[in-house]
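So the chains spell out like this:
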Protein chains: 2
Amino acid sequence: MATLGELERSVMDLLWDSADALTAGAIRDGLAHGNAAGAGKDLAVTTVLTVLSRLEAKDFVNRDRDTRPHLFRASTSRAAHMAELMHEVLGAAPDREAVLARFVGQVSPSEVAALRRMLDGK
Amino acid sequence: MATLGELERSVMDLLWDSADALTAGAIRDGLAHGNAAGAGKDLAVTTVLTVLSRLEAKDFVNRDRDTRPHLFRASTSRAAHMAELMHEVLGAAPDREAVLARFVGQVSPSEVAALRRMLDGK
DNA sequence: GAATAGTTCTACACGATGTAGAAGACGGAA
DNA sequence: TTCCGTCTTCTACATCGTGTAGAACTATTC
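Everything numeric here is computed off the predicted structure, so don't read it as measured data.

A.B. asks: Honestly, the interface of chain B and chain A in this entry has me stumped. Any pointers?
C.D. replies: Accessible area lost when the parts come together is the quantity often used to give the size of an interface. Opposite the 39 residues of chain B that make contact, chain A presents 39 residues. Summed over both sides, the interface between chain B and chain A buries roughly 3,700 Å², with carbon and sulfur atoms accounting for 70% of that surface. Applying the counting criterion to the chain B and chain A interface returns 6 salt bridges. Of the charged contacts in the structure, one is a salt bridge between B:Asp95 and A:Arg78, with a shortest N-O distance of 4.0 Å. Run the count over chain B and chain A and you get 8 residue pairs in polar contact (both at pLDDT 80 or more). Elements with a contribution of two residues or more to the side of chain B that touches chain A: helix H4 (78-91), helix H5 (96-105) and helix H6 (109-120) of chain B. In terms of residue class, the side of chain B that touches chain A is built from 23 nonpolar, 5 polar and 11 charged.

A.B. asks: Any chance you could explain the domain arrangement of chain A here in plain terms?
C.D. replies: For chain A, the assigned domains are domain 1 (6-74) and domain 2 (78-120). Placing a centre on the C-alpha atoms of domain 1 of chain A and another on those of domain 2 of chain A gives a separation of 29 Å.

A.B. asks: Sorry, what's going on with the protein's contact with DNA strand D here?
C.D. replies: Around DNA strand D sit 22 residues in total, of which A:Glu6, A:Leu7, A:Arg54, B:Arg63 and B:His70 are the nearest. When the atoms of DNA strand D within 4 Å of the protein are sorted by group, sugar and phosphate make up 59%. Here a phosphate oxygen of DNA strand D and a backbone polar atom of A:Thr3 are 2.8 Å apart. For the surface near DNA strand D, the secondary structure elements donating two or more residues are helix H1 (6-17) and helix H3 (45-57) of chain A together with helix H3 (45-57) of chain B. Sorting elements by how many residues they give to the surface near DNA strand D places H3(A) first, with 4 residues. Partitioned by chemical class, the residues of the surface near DNA strand D number 5 nonpolar, 7 polar and 10 charged.

Conventions used here
Residues numbered from 1 in each chain as written. Chains lettered and ligands numbered in written order. Predicted model: local features only at pLDDT ≥ 70, side-chain atom pairs only at ≥ 80, totals over all residues. Heavy atoms only, no water. Contact = heavy atoms within 4.5 Å. Buried area = accessible area lost by both parts, 1.4 Å probe. Salt bridge = Lys/Arg side-chain N within 4 Å of Asp/Glu carboxyl O. Polar contact = N/O pair within 3.5 Å; in protein donor to acceptor, adjacent residues only side chain to side chain. Helix = DSSP H or I, 4+ residues; strand = E, 2+ residues; numbered from the N terminus. Nonpolar A, V, L, I, M, F, W, Y, C, P; charged D, E, K, R; others polar. Domains from an automatic or database assignment. Near = heavy atom within 4 Å.

Listed below in structure tokens is the structure:
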């Protein structure tokens, strides 16, 4: 999977945090007066559209071309994306269990508990 | 942490797979007639040295300048590196537990068992 | 049909990476 | 002690991904 740049990531965050699809303009505004990370950027709408096109090419967003301001939505949830990234890292290692061991060793106690619950639920 | 390119990664793999430190020449040969991934590349030694220097700058390798052909060794184990990468991904998510849940949901059964053991050992 | 709002094309700068020659430094052989 | 071969450092360039946006084109609406 392709990695995301800073700006691409900010755009994805906006989409992920938004329940419904967004227009390029809305995303532009989100980046400008946004509350989340990567805010404060005052970009041209074309810039945002370029980024969105690239994200679309990478299958990170779906674009609805039937509405006039096109609508963009994330094609995957953030959690799914992140989990996939983690699996990708893990998959690139020959010594998977060793990696898992290290990984678990650094998880916070509360998350350890959460992990236990998750494992039990399987 | 900086991400590694293709070639950089191949070099790291050689270092990770080697018990002891390697010279630039050895790495060059490893890349050429190597068994592992990224093999078949017939590069100039200077190329390898450039890559090694960059890896050194990124603190991925340590260089021993006291021996004549300098010796290079990975500064971290692969498992540690991979685990850190995974934590990095996880840390970039606001909904950490959701990500963990997804992640665990896709781990193979044998690894689930391993995870249980690891958690119990804490 | 003209103004307006939105989209696509094209373009450029910049940094990371892959790649290596030329030039410099160093250690051993003569 | 000088020279030679080996190894390292410097410098350089191409390419690719990303950030950034103007110019030109298209569709909508009055």
